[in-house]
Amino acid sequence: MIDGRVYDVIVVGAGMAGSTLAGVLARAGLGVLVVEKEPRFRDRVRGESTYPFGVADALRMDLGDLLGRAGCVELEAVQTYAQGQPIQRYVWADDAVDGANEIGFSHPRFQETAFAWAASQGAHALRPAKAVAFAHDERPRVTVVDDGHEETVSARLVVVADGKLSVARRWTGGETVADPEHHRFGGVLVAGVRTNDRRSDNVAWIDGEAVNWFAAGADATRLYLVMTAARLRETGTDRSFAAIVAYASPFMPEGALTEVEQIGPIGFFPNNDIWSSQIAGNDVVLIGDAAGAPDPTVGMGTALLFHDVRVLSELLLAERDWRIAIATCARRRERYFAVIRENDRWRCLLRNDRGPEADRLRERHERAKQRDPTLGGFELLEARGPDGLVVDDEARRTFFGQD
Ligand SMILES: Cc1cc2nc3c(=O)[nH]c(=O)nc-3n(C[C@H](O)[C@H](O)[C@H](O)COP(=O)(O)OP(=O)(O)OC[C@H]3O[C@@H](n4cnc5c(N)ncnc54)[C@H](O)[C@@H]3O)c2cc1C
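Residues numbered from 1 in each chain as written. Predicted model: local features only at pLDDT ≥ 70, side-chain atom pairs only at ≥ 80, totals over all residues. Heavy atoms only, no water.

What to know about the environment of Ala-123
Mapped onto the elements, Ala-123 comes out in the loop between α4 (107-120) and β8 (124-126). A relative accessible area of 7% places Ala-123 in the buried class. Sequence separation of Ala-123 and Ile-10 is 113 residues, and the distance between their C-alpha atoms is 9.8 Å. Those residues in contact with Ala-123 that sit more than four places away from it in its chain are Ala-22, Ala-26, Val-32 and Ala-118. (Helix = DSSP H or I, 4+ residues; strand = E, 2+ residues; numbered from the N terminus. Buried < 20%, exposed > 50% of the residue type's maximum accessible area, 1.4 Å probe, protein only. Contact = heavy atoms within 4.5 Å.)

Structural data, given as structure tokens:
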């Protein structure tokens, strides 16, 4: 049950973004209510790796203990494969913020641990409790259905963290904007992958399709595939575990999947960016996928949400006027999401387009990389994050070697 008090902050949605923010703000002494509609967290085939810049944000918020309790494992490198053979290993430590590594984890275990952690920090953490309506008079008010009862609760600020298909994002006065779908991304959680390298994020691309696998905690491996909706139907990989294994095996080291076992559901989702036209308004601010969800193939979503939590919590804890704080948060969010989205579009052109023009683009890009291995900083995006990068004509020319 919700008590009748006015909270400092109501957080809608206890995904990784909502629970982490609720815990960080409650730890600092704010009165926080976080509501989650699901009675328990389950494998929905979501992000299970976080790039180093997001890990560095989490560590700067003193969340190392939470990451440990959530069973996160360190992934020290990105290992690229071709025809089942390792071809290139990129080690994070040299480039990443604070020397942080990427991490792998079980998404539902992370959510469960973060939800309990938020409560242990003093947040009122409620589930199943669904936010169903919003109103604003002197303060923002959210109507919550909790245990069959409808109650209205007030706060100084509402933080919306209800995910990519957010309904509540329109509470800021904005609307949902989406790029068209190009490919699909998804897969399955497995056990028994035979490989001697559980400390890298492994990827193999061929002709615009990909297989990606990495340790999602101590015992499990997440196996993701990238392909178009038409190819999913043709290969049957969206329906059958046997089809996933048959498709993925040639991309991976020989024998890697011979004893593999399915331990989660199969799920595939559209590869596109979806975001809100307005991040803050009406004493509401959006974070995580609700603010803007990047194409899942680029694997930025969870790093971005830790970045959001750090940016917003630091502003709220430093600034008396929370309308100024959320307006500043919104401006920064728009800027860094624009960098991630543009980078995503550029990489899509390189990976997915076919024909002589696309081949020329790839050649020029490779030459540009020889001249400037950082590609104006965009090649270090996963390690260092989007702050400080600007997407303009000059950046585009540097990336594609057109200067
Ligand atoms: C196939 C796939 C693979 C991905 N791979 C990666 C990856 O490798 N690396 C990476 O960084 N990211 C990846 N992502 C993205 C990543 O999963 C998301 O960015 C991340 O889960 C977003 O977290 P969130 O807390 O913002 O939203 P969510 O995880 O969607 O959480 C929102 C929560 O809000 C709750 N909720 C919704 N509505 C209400 C309501 N009205 N009232 C109360 N509660 C509500 C939901 O039940 C949910 O628990 C992937 C995504 C997909 C689909």
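What follows continues from the structure just given.
Regarding the pairing of strand β2 (residues 32-35)
Side chains Val-32 and Val-34 of β2 all project onto a buried face; the interleaved residues Leu-33 and Val-35 project onto the opposite face, where all are buried too. Judged from the four bridges that link them, strand β1 (residues 7-12) and β2 form a sheet pairing that is parallel. Counted as the bridge partner of Val-9 is Val-32 from β2. Traced from β1 through helix α1 (residues 16-27) to β2, the parallel crossover comes out right-handed. As judged from the three bridges shared by β2 and β8, these two strands associate in the parallel manner. Directly across from Leu-33, in β8, lies its bridge partner His-124. (Pairing = 2+ DSSP bridges. Right-handed = clockwise from strand over helix to strand, strands pointing away.)

Examining the packing of aromatic side chains
Evaluation of the coordinates by the stated rule reveals 15 aromatic pairs. Here the aromatic rings of Phe-214 and Tyr-224 are separated by 5.9 Å at their centres, their planes lie at 50°, and the arrangement is tilted. With Phe-214 in strand β15 (residues 209-215) and Tyr-224 in strand β16 (residues 221-227), this pair connects stretches of sequence that are 10 residues apart. Under the relative-accessibility criterion, Phe-214 is labelled buried at 1%. We classify Tyr-224 as buried; its relative accessible area is 6%. Note that Arg-156 overlies the ring of Trp-322, its terminal NZ or CZ placed 3.8 Å from the centroid. (Phe/Tyr/Trp six-rings, centres within 6.5 Å; stacked < 30°, edge-to-face > 60°. Lys NZ or Arg CZ within 6 Å of the ring centre and 35° of its normal.)

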